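# What the coordinates show
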Amino acid sequence: MHTDLSNYLCGKTILPVLPSSIDIDMTNVCNQDCYYCNSADFRAKFLDTPHVDKFIDLIDKLAEWRTHTPLSTGTVRNINFTGGGEPTVHPQYHKIIEHALDRNFLVTLITNGSKLDKLAKNLSPEKAQRIIWIGVDVDSAVSKTYEDIRQSLTTYNMLDRVKANIKLAVQAGINVDIKGLLMEHNTTEEEITALFKMVKDTGARQLHIRPMYDLQTKKIFEVTDKLKNKIQAISKLTDVKYNLPENRKEPRTYTKCHQMFLYTIFAANGDVNVCCESRGDRSFTIGNWLEEDVRDFWMGKRHMQVYNTVNTMQCPPCKPNKMNNIIQKDIDNSSLLERQIM
C-alpha cells in the first residue's frame, strides 16, 4: 500500500501516487452535539449537504482515476463514509453507499447509528454483506452518560434507537463494531461493563475503543495499566472481543505528513483536505471537489506546497502516525524498498 509512495518520496519514480483510502463526508449536519467534537466549528460555518448526484459523480471519478491518469501508481481501494456531520442524516445516504459498492470499492461507515435502519432495510443481503464494517460511535451504553457526552438533538431516546438499529444491521449480515472514546466519563467498571454488554446484546462483532484527545488540554487521555487490566478482565468475563489501538502514542520520527498522499478527506462543503484531523482548516485544503476534478489537481503545486510546509511536530496525535513512521523508515534507508521487488 505504501511502497509506491515510499519509492516516489525516495526519488526512485516520478509517477504520481493515487490515494489508497478516501473519507467522504456526506453532510456537515449532525443530530448530536458531542462535547469533544473536533468538527463543531467547521459544521457551524458550513451546514452543507450536497445532492446525491454530486456523490455519484465523485465516486465514478474515483473509480476511473487510473483511466484518467494512466501514468500513475496505486489505486483508490477504500471509501470510508464519515463526518463532518452524521453521514446517515443525508436523505439518500444509502444510495450513495450502494453506488460505492457497485463500483467495487471496499466500503466502511462511521455513524452514531440513529438512522442505520435505512441502510439495513434498503440494501440487498448480498450488498449488505459486502460492506467491510460499520463503526457505531456510542462512547457509553449508560443512558445518562451517553447523553452527557453526546448531547442528542432529537426528541426520542437516541441510545435505544441505536441499539435497535445495530441489531437490524447485524441481522442483515453487516459487521458492526461498537466504538467509544475513553475519557473520565466512561471508564468506571460499570461503564466499561455496559459497553461490553451492549456488544453482546446487539450481536455486534467487537468493541473498538481508544483514548480521547482533548482539544482544550492538548493531551491524550491516559490509559493506565489498571484500566487496561480492567478492560481485559471484563472482556474475558463477557466473552466479547475488543480492540484498543494506541498508535497515536508512538513517538514521531518524521517532520512531514507522508499520508497526505495516501489518505484524504472529501468534505461536504467541497474541500479536499489532506489532514484527517483538521476539517475546515484551509491550510490543509488542496482544492474543491464540487467545483473541480480532483484528478487534475492531485499532487499538484498546492498539494506539494502543503506537504513541504506543514511541520508535523506541531500537530496533535493522529491516526496516520504509525504509517508515517513506516514510510519515514523507508526514506531514511531506501535500501529497504529493494526487497519489495526482489
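Everything in this summary refers to the structure shown in the same document. It should be emphasised that the depicted structure is a prediction, and the values quoted were computed from it without experimental measurement. (Residues numbered from 1 in each chain as written. Predicted model: local features only at pLDDT ≥ 70, side-chain atom pairs only at ≥ 80, totals over all residues. Heavy atoms only, no water.)

### Description of the nonpolar core
Counting residues in hydrophobic clusters, the biggest one holds 80 residues, and the most contacted among them are I24, L62, F81, I97, L119 and F266. Apart from the residues within four sequence positions on either side, I24 is in contact with F55, L58, I59, L62, I79, N80, F81, T82 and F266. The next biggest cluster of nonpolar side chains, apart from the first, holds 6 residues, and it includes C34, I149, L181 and M212. (Core = buried A, V, L, I, M, F, W, Y, C linked by side-chain atoms within 4.5 Å. Buried < 20%, exposed > 50% of the residue type's maximum accessible area, 1.4 Å probe, protein only. Contact = heavy atoms within 4.5 Å.)

### Observations regarding unusual backbone geometry
Located in the positive-phi region is D139, a residue other than glycine, with phi close to 70 degrees. Considering the arrangement of structural elements, one finds D139 in the loop between β4 (133–137) and α8 (143–150). Its identity is not glycine, yet Q151 carries a phi of approximately 50 degrees, on the positive side. Along the chain, Q151 turns up in the loop between α8 and α9 (158–171). By relative accessible area, which is 31% here, Q151 ends up partly exposed. (Helix = DSSP H or I, 4+ residues; strand = E, 2+ residues; numbered from the N terminus.)

### Remarks on the environment of D48
With respect to the helices and strands, the residue D48 is situated in the loop between α2 (40–45) and α3 (52–63). Separated by 270 residues in the primary sequence, D48 and C318 have C-alpha atoms spaced 25 Å apart. Discounting residues that sit within four places of it in the chain, D48 has contacts with T27, N28, V29, A268 and N269.

### Some thoughts on the pattern of salt bridges
By the definition in use, this model includes 17 salt bridges. In this structure, D23 engages R279 in a salt bridge whose closest nitrogen and oxygen atoms are separated by 3.7 Å. Here the residue D23 occupies a position in strand β1 (residues 21–25), and R279 occupies one in the loop between β11 (271–273) and β12 (285–288), the gap between them amounting to 256 residues. Residue D23 is classed as buried on the basis of its relative accessible area of 3%. Across the pair D102 and K127 runs a salt bridge, and its minimum N-O distance is 3.0 Å. One end of the pair, D102, is in helix α5 (residues 93–102); the other, K127, is in helix α7 (residues 125–128), and 25 residues separate them in sequence. (Salt bridge = Lys/Arg side-chain N within 4 Å of Asp/Glu carboxyl O.)

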